[in-house]
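Next come the chains, spelled out residue by residue.
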Amino acid sequence: MADHASAVAHQFDDMEQQLDASTFGMWVFLAQEVMFFGGLFLAYTIYRGAYPDAFREASHHLDLRLGALNTVVLIGSSLTMALAVRAAQLSRSRALAGFLVATLVLGTVFLAVKAFEYHHKYVEQHIPGLNFHAEGPLAGPVQMFFVFYFAMTGMHALHMIVGAGLLVYFIVKARRGRYSAHYYGPVEVMGLYWHFVDIVWIFLFPLLYLIR
Amino acid sequence: MTRTNYLNVQYGVRSWLLTTDHKRIALLYLAAITLFFFIGGAFAVMVRLELVTPQGDLVEAETYNKMFTMHGVMMVFFFLIPSTPAVLGNFLLPMMIGARDLAFPRINLLSWYVFVVGGVIGLGAAISGGVDTGWTFYAPYSSTYTNTAVITTALGVFFAGFSSILTGFNFIVTIHKMRAPGLTWFRLPLFVWAHYATSVIQVLGTPVIAITIILLAMERVMRVGIFDPKIGGDPVLFQHLFWFYSHPAVYIMVLPAMGIVSELVTCFSRKKIYGYSFIAMSSVAIAVLGFLVWAHHMFVAGMSLYASMVFSVLSFLVAIPSAIKVFNWTATLYRGSIVYQTPMLYAFGFIGLFTIGGLTGLFLATLAVDVHVHDTYFVVAHFHYIMVGGSVMAYMGGIHYWWPKISGRLYPEGWARFSALVLFVGFNLTFFPQFLLGYLGMPRRYHSYPEEFQVLNVMSSAGASILGVGYLVPMVYLVWSMRYGKPAPANPWSAKGLEWNTPSPPPTFNFDQTPVVTEDAYVYQKADEEVPVG
């Protein structure tokens with residue numbers, strides 16, 4: 001019980017206010033994230049409209065199967081994350097740690113597949129600014145497609161890496177039994193973040209891989 | 001004998017650099033932005049000195065380009081945007097809503113560090129050769145052609161923006177979740193409403209400039225075309241993205257100032273503010289409309305005529321909530337018992353200068369007139385009337401008004417009134433001639449000009465030196481008062497508001513007991529009805 005009291009930071013009156021504030025805070029932060037990715041999506045949309053043929057052509061260079069695999073992996077990780085939040089709310093510490101580890105593993109699989117795809121692009125000489133090589137009249141706009149591909153998936157991967165780092169922190173804390181039905185707010189907030197990063201991919205996958 | 005307060009509770013550099021107290025963080029911000037203000041001012045001095053004579057004789061054209069660019073970058077991103085929110089907002093917001101601190105005190109401290117990192121990078125860029133693109137970083141000049149420190153400067157701006165997001169995010173959560181019992185939304189001080197609207201812009205606008213800066217840096221480093229038309233990009237897209245943030249950013253600068261003026265006008269008229277809910281909602285309306293007018297900066301950039309017409313009309317709409325505020329402030333004065341204390345002088349200055357700045361904004365929102373005055377000194381004068389005549393005047397008024405609360409000392413009233421007057425005179429002498437110059441056709445951003453413009457330019461430069469004095473004098477007496485000023489009572493202005501219900505300077509957690517609010521904001525009585533206290 002002493003632990004419970006000390007979990008309330010000095011600026012808050014009680015645990016309920018603290019949970020409310022941190023959850024709401026994450027939503028506000030995610031609104032900020034939407035605008036950040038929104039700028040990229042806008043620029044992508046405008047150039048997709050300007051160079052439809054080149055973008056269609058370039059999109060064929062992406063591996064649809066790997067993209068689909070990653071989509072499944074990431075949705076799976078959102079499921080385990082949701083289960084982790086539930087486990088925290090039910091004070092099931094062992095299950096919580098287990099689901100967090102599962103989320104981390106799936107996130108890592110996603111990043112590994114992404115790295116493999118990036119490597120493939122390197123071999124194919126499709127990395128703008130590094131070794132980009134394309135022939136034909138559409139070479140310029142094709143390169144632009146890959147600029148957006150790397151900017152968008154790169155920003156997304158960066159958010160995944162941050163999320164994975166946070167998961168490690170949460171796993172350590174969960175193993176020490178830090179979270180319980182009295183104090184599960186941080187896990188819930190972490191979950192919101194993870195689902196958001198997942199949703200970004202849900203938009204990236206069709207935009208980059210599926211529209212052909 | 002001396003009570004423990006937030007200033008004397010701990011001493012030493014460490015206790016300041018690791019503090020999570022919003023009041024101490026506000027003072028850290030105050031120190032940082034004051035430094036950037038004087039650096040930005042130094043660049044302005046160079047600009048005004050060069051423009052004393054028609055020939056480009058003091059600095060070369062390239063150097064001059066860097067001077068006005070660094071002036072703009074420093075003042076906009078490192079002074080004006082953080083000024084009122086990060087200093088006065090940080091200090092007052094938790095107290096005004098009866099909270100012990102912001103919702104996320106450590107993130108608040110983080111925001112200061114991020115800001116300082118950005119400032120150091122920005123300063124580093126200035127020292128290592130500067131940047132000459134103008135504060136607007138227009139591509140493809142910034143991404144392809146200039147050889148100056150675009151990336152470093154933009155990185156500094158990126159950090160400053162991130163810090164601004166963190167502040168806004170903290171304020172929104174705090175206002176939603178930390179209000180004292182009984183403090184309903186429509187009992188909030190108007191300062192809080194203004195900061196709420198500001199925070200929404202900070203959170204929703206700033207990320208867009210962040211991603212724009214990243215795209216610009218990618219184009220510059222990797223030589224891939226996003227904005228450069230030579231390699232298939234669209235420079236107008238850069239302008240859209242840039243102004244999507246940077247126009248609302250104008251409201252980040254002026255909305256908190258309006259919040260200050262609302263507090264000052266009602267306090268020094270000894271009268272409940274006229275039209276409380278209209279002033280509160282007009283802040284929200286400005287924040288919303290502010291997101292829909294960005295392309296009025298681009299009327300001559302080759303946008304479609306129909307888009308221009310829509311943006312012109314939307315820009316006119318912003319005048320409505322702005323005018324609601326001005327009318328309500330003046331209506332508050334009507335039959336009030338006006339006290340001409342220094343903060344009130346600044347409030348009067350704000351109302352007059354903001355009105356001029358706002359009305360000339362309507363000239364610029366008018367398509368045909370804009371073609372004539374676009375990129376002239378008319379535009380320079382217009383936005384300085386808003387940002388310096390408006391935002392900085394109100395900021396100075398706010399600093400004076402809450403100085404007794406912040407420092408626990410009174411500032412010397414005579415000197416303060418004198419310098420408020422000097423500022424007002426210096427400001428108008430600096431910037432009014434620029435309206436005339438612009439209307440006569442003098443373009444901005446050139447270091448030489450035809451001889452016929454010299455008289456007005458000399459007036460402007462002379463005014464700038466008076467303006468400089470007006471800023472230095474308060475700097476001196478405010479620092480002086482921290483040691484030698486008379487100790488301030490808890491409520492020297494007999495003002496309403498929770499921040500005056502706690503001692504000056506306040507204890508670390510602001511209130512000994514969480515206050516309970518039972519009445520509306522600003523229940524002032526007129527002087528003749530006032531019951532003597534004591």
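To keep things clear, this report deals only with the structure shown in the data block.

Cut-offs applied
Residues numbered from 1 in each chain as written. Chains lettered and ligands numbered in written order. Predicted model: local features only at pLDDT ≥ 70, side-chain atom pairs only at ≥ 80, totals over all residues. Heavy atoms only, no water. Helix = DSSP H or I, 4+ residues; strand = E, 2+ residues; numbered from the N terminus. Rg over C-alpha atoms; globule rule 2.2 N^0.38 Å. Buried < 20%, exposed > 50% of the residue type's maximum accessible area, 1.4 Å probe, protein only. Contact = heavy atoms within 4.5 Å. Areas by Shrake-Rupley, 256 points an atom, 1.4 Å probe, with all protein chains shown as cover. Lys, Arg positive; Asp, Glu negative; His and termini not counted. Charge placed at Lys NZ, Arg CZ, Asp CG, Glu CD. Buried area = accessible area lost by both parts, 1.4 Å probe. Salt bridge = Lys/Arg side-chain N within 4 Å of Asp/Glu carboxyl O. Polar contact = N/O pair within 3.5 Å; in protein donor to acceptor, adjacent residues only side chain to side chain. Nonpolar A, V, L, I, M, F, W, Y, C, P; charged D, E, K, R; others polar. Core = buried A, V, L, I, M, F, W, Y, C linked by side-chain atoms within 4.5 Å. Phe/Tyr/Trp six-rings, centres within 6.5 Å; stacked < 30°, edge-to-face > 60°. Lys NZ or Arg CZ within 6 Å of the ring centre and 35° of its normal. Axes fitted to C-alpha atoms, helices over the stretch in contact; angles between N-to-C directions. Parallel < 35°, antiparallel > 145°, perpendicular 65-115°, else oblique. Left-handed = near helix turned anticlockwise from the far one by under 90°. 1 Å grid on protein atoms, 1.4 Å probe; cavity = no way out; pocket = protein on both sides within 12 Å on 5 of 7 lines; lining within 4 Å. Points joined across faces, edges and corners; volume = space filled by probe spheres on them.

Observations regarding the overall build of chain B
Alright, step 1. Per the secondary structure count, chain B includes 15 helices and zero strands.
Alright, step 2. At 23 Å, chain B has a C-alpha radius of gyration in line with the 24 Å of a compact globule built from 534 residues.
Alright, step 3. Of all 534 residues assigned to chain B, the portion counted as buried reaches 61%.
Alright, step 4. Of all intrachain contacts in chain B linking residues separated by at least 6 positions in sequence, the fraction that spans at least 24 positions is 83%.
Alright, step 5. Carbon together with sulfur atoms contributes 69% to the accessible area of chain B, which is approximately 19900 Å² in total.
Alright, step 6. Side-chain charges of chain B comprise 28 positive and 23 negative groups, with the mean position of each set lying 12 Å from the other.

Notes on the interface of chain B and chain A
Interfaces are often sized by the amount of accessible area the parts lose when they come together.
Alright, step 1. At the interface, 34 residues of chain B touch 30 residues of chain A.
Alright, step 2. Summed over both partners, the interface of chain B with chain A buries about 2800 Å², with 75% contributed by carbon and sulfur atoms.
Alright, step 3. When the buried area of chain B at its contact with chain A is split by residue, B:R100, B:K177 and B:I211 rank highest and sum to 19% of it.
Alright, step 4. Between the two partners, chain B and chain A, sit two salt bridges.
Alright, step 5. Among the ionic pairs, B:K177 bridges to A:D20, the shortest N-O distance being 3.8 Å.
Alright, step 6. On the surface where chain B and chain A come into contact, there are eight residue pairs in polar contact (both at pLDDT 80 or more).
Alright, step 7. Mapped by element, the contributors of at least two residues to the side of chain B that touches chain A are α6 (150-177), α7 (190-222) and α8 (235-268) of chain B.
Alright, step 8. Taken together, the residues of the side of chain B that touches chain A break down into 26 nonpolar, four polar and four charged.

What about the nonpolar core?
The tendency in soluble globular proteins is for nonpolar side chains to be buried side by side.
Residue and element names in this part refer to chain B.
Alright, step 1. Ranked by internal contacts, the top residues of the largest apolar core, which has 244 residues, are F77, W329, F350, Y401 and W402.
Alright, step 2. Among the elements that line this core, the one with the most residues is α8, at 23 residues.
Alright, step 3. Those residues in contact with W402, other than ones at most four positions away along the chain, are L88, L92, M96, F191, I260, E263, E499 and W500.

Observations regarding the packing of aromatic side chains
Ring pairs (aromatic) are described by centroid distance and by the angle formed between their planes.
Residue and element names in this part refer to chain B.
Alright, step 1. Applying the stated criterion across every chain yields a total of 67 aromatic pairs over all chains.
Alright, step 2. Arranged with centres 5.3 Å apart and planes meeting at 70°, the rings of Y401 and W500 form a pair that is edge-to-face. Note that Y401 is positioned in helix α13 (residues 377-407) and W500 in the segment after α15 (454-484), a separation of 99 residues in sequence.
Alright, step 3. Overall, Y401 belongs to the buried group, its relative accessible area being 0%.
Alright, step 4. Taking NZ or CZ as reference, R24 lies 4.2 Å from the ring centre of W16, over its face.

With respect to the packing of helix α2 (residues 22-50) of chain B against helix α3 (residues 61-96) of chain B
Residues and elements named next belong to chain B.
Alright, step 1. Where α2 contacts α3, the two axes come as close as 8 Å, and the packing angle between them is 155°. Judged on the interaxial angle alone, α3 and α2 are roughly antiparallel. Crossing hand, α2 versus α3: left-handed.
Alright, step 2. Its residues placed into classes, the contact of α2 with α3 shows 26 nonpolar, six polar and two charged.

Here we look at the layout of surface pockets
Residues and elements named next belong to chain B.
Alright, step 1. Here the second largest pocket is characterised by a volume of approximately 1100 Å³.
Alright, step 2. Considering the residues around the second largest pocket, the lining is formed by 47 residues, among which H247, H296, H297, L364 and H382 are closest to the centre.
Alright, step 3. Where the lining of the second largest pocket is concerned, the elements lending two or more residues are α8, α10 (305-333), α11 (342-365) and α13.
Alright, step 4. Considering only residue class, the lining of the second largest pocket consists of 28 nonpolar, 15 polar and four charged.

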